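Tertiary structure, described
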Amino acid sequence: MSLLIDAAYGKELDRPPIWIMRQAGRYMKEYREIRDKYDFLKMCKNPDVATEISLLPIKLLDVDAAIMFSDILVTAEAMGGKLSYVEGTGPLFSNPVKTKADIESLSITEVPEKLDYVAQLIKQLKNELKADKPLIGFAGAPFTVMSYLIEGGSSKDLKKTKQFLYRQPELSHLLLEKITSVTIDYLNMQIEAGIDALQIFDSWAMYLSHYSFVEFSLPYIAKVIDSLNKPKNVPVITFARGSSSFYKQMRELNTDVISVDWNANLADVQRDLGNDIVVQGNMDPYVLYADKRTIQNEAIRILKSMDEFPSFIFNLGHGVTPDLDIDNVKCLVDTVKSYQKV
Ligand code: CP3
């Protein structure tokens, strides 16, 4: 019995489950202590360390689900991207994709072998977690992973990626096809290893025009989802920053849940989507910088607005930020968990 899986399939619940994007991270003293000892990628590749970190939000916050500790860019690294994480800057590829030859040199084979450390992590975590705490696996949406390979890191405007899309649409599709193939093998490996739910992160979709989203992002997410060897009990959650405008297109996906960014009124989106797709979201993470009364009020405002629906999944509109006070995050979790639908 798990609230998260029940909610994802639209079952009537007394309160929604809550988990938080980026719930295992730097706002936790316990995370920072481990991080001081290791390089970020080393932590991801060490199943013992990654297990310990994945369990922190369960131990410290008692959220309703664990998410495996990893990163969306491990697939790009497995394809040949030379990846490092630089303090204060974030991910960096020293060999960004510029030409057709760069794309051709990316490998799409032996994904389960190269990312076996993630399969090991999932198996270890499944041994540790009780049945009421499902384990969420994930991958980046092909477009978002492509943007990192082209930009070479995080970017404030995705200028190089958008230039690439408009100037070299055929090469863009070639690159997206390759990332899609790797993502499918990677998520199927996660299913095989015992994952309970999957989330696809299209974190940079909001920079795309409607037409670019429909051409360069949506069909590849669709192909990923449709290619999963998916048992009926492993729901798929699709997150996009930009979902408050793109949800109308995203409803064509065979996704069970759409994770909504903070711009939209969550209940309006659920009303538009109808009964077949459940929503996840969408409190502004910056609310967590306010006093506890404000955090409670903002959470209850979203909770009450969703009373008319059987269930939803409470989350933030994007990831939790690194410099928050953990007591404020705990206050949010406790507010949602003590809520009783009227
Ligand atoms: O949610 C979790 O607790 C699981 C772990 C997780 C991480 N990254 C750990 C991480 C997940 C689900 C991700 C996904 C991810 N990674 C996304 C999609 C989610 C989103 O936020 O949009 C993206 C875009 C990335 C790429 C990435 N990795 C960036 C941009 C950064 C730097 C940002 C930052 O906050 O510094 C990372 C590094 C990263 N991934 C950290 C963590 C905990 C910080 C690393 C550190 O300790 O220095």
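These notes cover the structure that comes with them.

Observations regarding the packing of helix α9 (residues 142-151) against helix α10 (residues 159-167)
Following both chains from N to C, one finds α9 and α10 inclined at 105°, their axes separated by 8 Å at the closest point. Regarding the angle of α9 to α10, the classification is roughly perpendicular. Of the residues in α10, those touching α9 at Phe143, Met146, Ser147, Ile150 and Glu151 are Lys159, Lys160, Thr161, Phe164 and Leu165. Tallied by class, the residues present in the contact of α9 with α10 amount to five nonpolar, two polar and three charged.

Remarks on the pairing of strand β9 (residues 313-316)
Judged by which residues are buried, β9 turns out to be covered on both faces: Ile313 and Asn315 on one side and Phe314 and Leu316 on the other are all buried. As paired elements, strand β8 (residues 278-283) and β9 share four bridges and run parallel to each other. When the sheet's bridge partners are listed, Asn282 is paired in β9 with Asn315. You can see the chain leave β8, run along helix α15 (residues 292-305) and come back into β9, and the turn it takes is right-handed.

Details of the site of the ligand
As a matter of local geometry, the ligand sits amid 22 residues, with Arg26, Tyr31, Asp71, Ser203 and His318 nearest to it. The contact in question runs from an oxygen atom of the ligand to an N or O atom on the backbone of Gln23, over 3.2 Å. Separating an oxygen atom of the ligand from a side-chain N or O atom of Arg26 is a distance of 2.2 Å. Taking 860 Å² as the accessible area of the ligand by itself, protein coverage stands at 90%. When atoms are counted within 2 Å of each cavity's grid points, the one that captures over half of the ligand is the largest pocket. Those elements giving two or more residues to the shell around the ligand turn out to be α2 (29-35) and β3 (90-93). In the shell around the ligand, the residues fall into twelve nonpolar, six polar and four charged.

Focus on the sheet that holds β9
Taken in spatial order, the seven strands make up an open sheet running β1-β4-β5-β6-β7-β8-β9, and their pairing is parallel. Single-partner strands in this sheet number two, and they are β1 (66-67) and β9. Bridge count for strand β6 (residues 236-240) against strand β7 (residues 257-259) is three bridges, and the pairing is parallel. Looking at the pairing, Phe239 lines up with Ser259 of β7. Contacts between α15 and the sheet are confined to β8 and β9, with β8 contributing the most and set at about 160° to the helix.

Considerations on the packing of aromatic side chains
Scanning the model with the defined rule gives ten aromatic pairs in all. Where Phe201 meets Phe239, the ring centres are 5.8 Å apart and the plane angle is 65°; that geometry is what we call edge-to-face. Highlighted residues: Phe201 in strand β5 (residues 197-202) and Phe239 in strand β6, separated in sequence by 38 residues. By the burial criterion, Phe201 is buried, and Phe239 matches it. Measuring from ring centre to ring centre gives 4.0 Å for Phe213 and Phe246, while their planes differ by 5°; the resulting arrangement is stacked. With a gap of 33 residues between them, Phe213 in helix α12 (residues 210-226) and Phe246 in helix α13 (residues 243-250) connect regions that are remote in the sequence. Each member of the pair, Phe213 together with Phe246, is buried.

What counts and how
- Starting afresh in each chain, residues are numbered from 1 along the sequence in its written order.
- Where totals are concerned, whole chains, interfaces and linings use all residues; where local detail is concerned, this predicted model gives features only for residues with pLDDT of at least 70, and gives and counts side-chain atom pairs only at 80 or more.
- Note that the side-chain values use all heavy atoms of the structure and ignore hydrogens as well as water.
- Lines are fitted to the C-alpha atoms to define the axes, a helix being fitted only along its stretch in contact, and any angle between axes, read from their N-to-C directions, falls within 0 to 180 degrees.
- Note on conventions: DSSP H or I runs of at least 4 residues are helices, E runs of at least 2 residues are strands, and numbering of each starts at the N terminus.
- These descriptions rest on fixed angle ranges, namely under 35 degrees for roughly parallel, over 145 for roughly antiparallel, 65 to 115 for roughly perpendicular, and the rest for oblique.
- In this analysis, two residues are considered to be in contact whenever any of their non-hydrogen atoms come within 4.5 Å of each other.
- Note on residue classes: Ala, Val, Leu, Ile, Met, Phe, Trp, Tyr, Cys and Pro are nonpolar, Asp, Glu, Lys and Arg are charged, and everything else, Gly too, is polar.
- Only protein chains enter the accessibility calculation, which uses a 1.4 Å probe; a residue whose area is less than 20% of its type maximum is buried, one above 50% is exposed, and one in between is partly exposed.
- Pairing between strands is defined by DSSP: at least two bridges between the two strands are required.
- A clockwise path from the first strand over the helix to the second, with the strands pointing away from the viewer, defines a right-handed crossover.
- We define proximity as follows: a residue is near a molecule or strand when any one of its heavy atoms falls within 4 Å of that partner.
- Each polar contact in these results corresponds to two N or O atoms within 3.5 Å; when the atoms are within protein, one needs to be able to donate a hydrogen and the other to accept it, and residues that are neighboring in sequence are counted only if both atoms are side-chain atoms.
- For the accessible areas, the method is Shrake-Rupley and the probe is 1.4 Å, while residue cover comes only from the protein chains on display.
- Here a cavity denotes grid points, spaced 1 Å and computed from the protein atoms alone, that fit a 1.4 Å probe unable to get out, and a pocket denotes an open set having protein on both sides within 12 Å along at least 5 of 7 lines; residues with an atom within 4 Å of a point are the lining.
- In this description, a molecule resides in a pocket or cavity if more than half of its atoms sit within 2 Å of the grid points defining it.
- Stacked, tilted and edge-to-face pairs are distinguished by plane angle, under 30 degrees for stacked and over 60 for edge-to-face with tilted covering the rest, among Phe, Tyr and Trp rings (Trp via its six-membered ring) whose centres lie within 6.5 Å.

Nothing here speaks to function; it is all geometry.
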